[in-house]
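# Per-entry structural report
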Amino acid sequence: MNGDGSFIMNVQDLATIKVENLSVKVNQYLGMIVELEDQYFKENRADLYLGDPLRKSEIFLDMLKFVEACGIPAARVTNQKIDVRAAI
């Protein structure tokens, strides 16, 4: 599992994912920030969703486009009720 901040810093790893045929899950939040907020700030959340503040309904950065550019099959799960295993 990899957060999108880490993913962007390591986008070159898509080549390794493709060549080694690895399965990867990327989330849309800065996980370490959420963890710190939970631990030290009683789950008080800042607005840490990464994206355009004028278009919060849009997904940004569109990780699927990065992945598809490398020829890697991918799926987006936006509803927690959907079985993640089925998407993988």
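Conventions we followed
- Residues numbered from 1 in each chain as written.
- Predicted model: local features only at pLDDT ≥ 70, side-chain atom pairs only at ≥ 80, totals over all residues.
- Heavy atoms only, no water.
- Helix = DSSP H or I, 4+ residues; strand = E, 2+ residues; numbered from the N terminus.
- Buried < 20%, exposed > 50% of the residue type's maximum accessible area, 1.4 Å probe, protein only.
- Contact = heavy atoms within 4.5 Å.
- Areas by Shrake-Rupley, 256 points an atom, 1.4 Å probe, with all protein chains shown as cover.
- Patch = residues over 30% accessible without salt bridge, like charges linked within 9 Å, V, L, I, M, F, W, Y side chains within 5 Å.
- Salt bridge = Lys/Arg side-chain N within 4 Å of Asp/Glu carboxyl O.
- pLDDT = per-residue confidence, 0-100.

## Quick notes on the overall build of the protein
For the protein, the count of helices and strands is five helices and two strands. For the protein, buried positions account for 17% of its 88 residues. Taking as baseline every contact in the protein between residues at least 6 positions apart, the subset at least 24 positions apart corresponds to 42%. Carbon and sulfur atoms make up 55% of the accessible area of the protein, which totals about 7200 Å².

## Comments concerning unusual backbone geometry
Phi is positive for Asn21, close to 55°, though the residue is something other than glycine. Tracing the chain through its elements places Asn21 in the loop between helix 2 (13–20) and strand 2 (26–27).

## Description of a nonpolar patch on the surface
Judged by side-chain polarity, Ile33, Leu36, Tyr40 and Phe41 come together as a nonpolar surface patch covering roughly 430 Å² of accessible area. Tracing the chain through its elements places Phe41 in the loop between helix 3 (31–40) and helix 4 (63–69). A relative accessible area of 54% means that Phe41 is categorised as exposed.

## Focus: the confidence of the model for the protein
When pLDDT is averaged along the protein, the result is 75, and 73% of the positions lie at 70 or above. For the protein, the element scoring lowest by mean pLDDT is strand 1 (residues 2–3), at 61; helix 2 scores highest, at 85.

## Description of the environment of Arg76
For Arg76, the position within the fold is in the loop between helix 4 and helix 5 (84–87). With 13 residues separating them along the chain, Arg76 and Met63 place their C-alpha atoms 9.0 Å apart. When sequence neighbours within four positions are dropped, the list of residues in contact with Arg76 reads Ile59, Asp62, Met63 and Leu64.

## Things to note about the environment of Gly71
Tracing the chain through its elements places Gly71 in the loop between helix 4 and helix 5. Taking the C-alpha atoms as reference points, Gly71 and Lys18, separated by 53 residues in sequence, lie 7.4 Å from one another.

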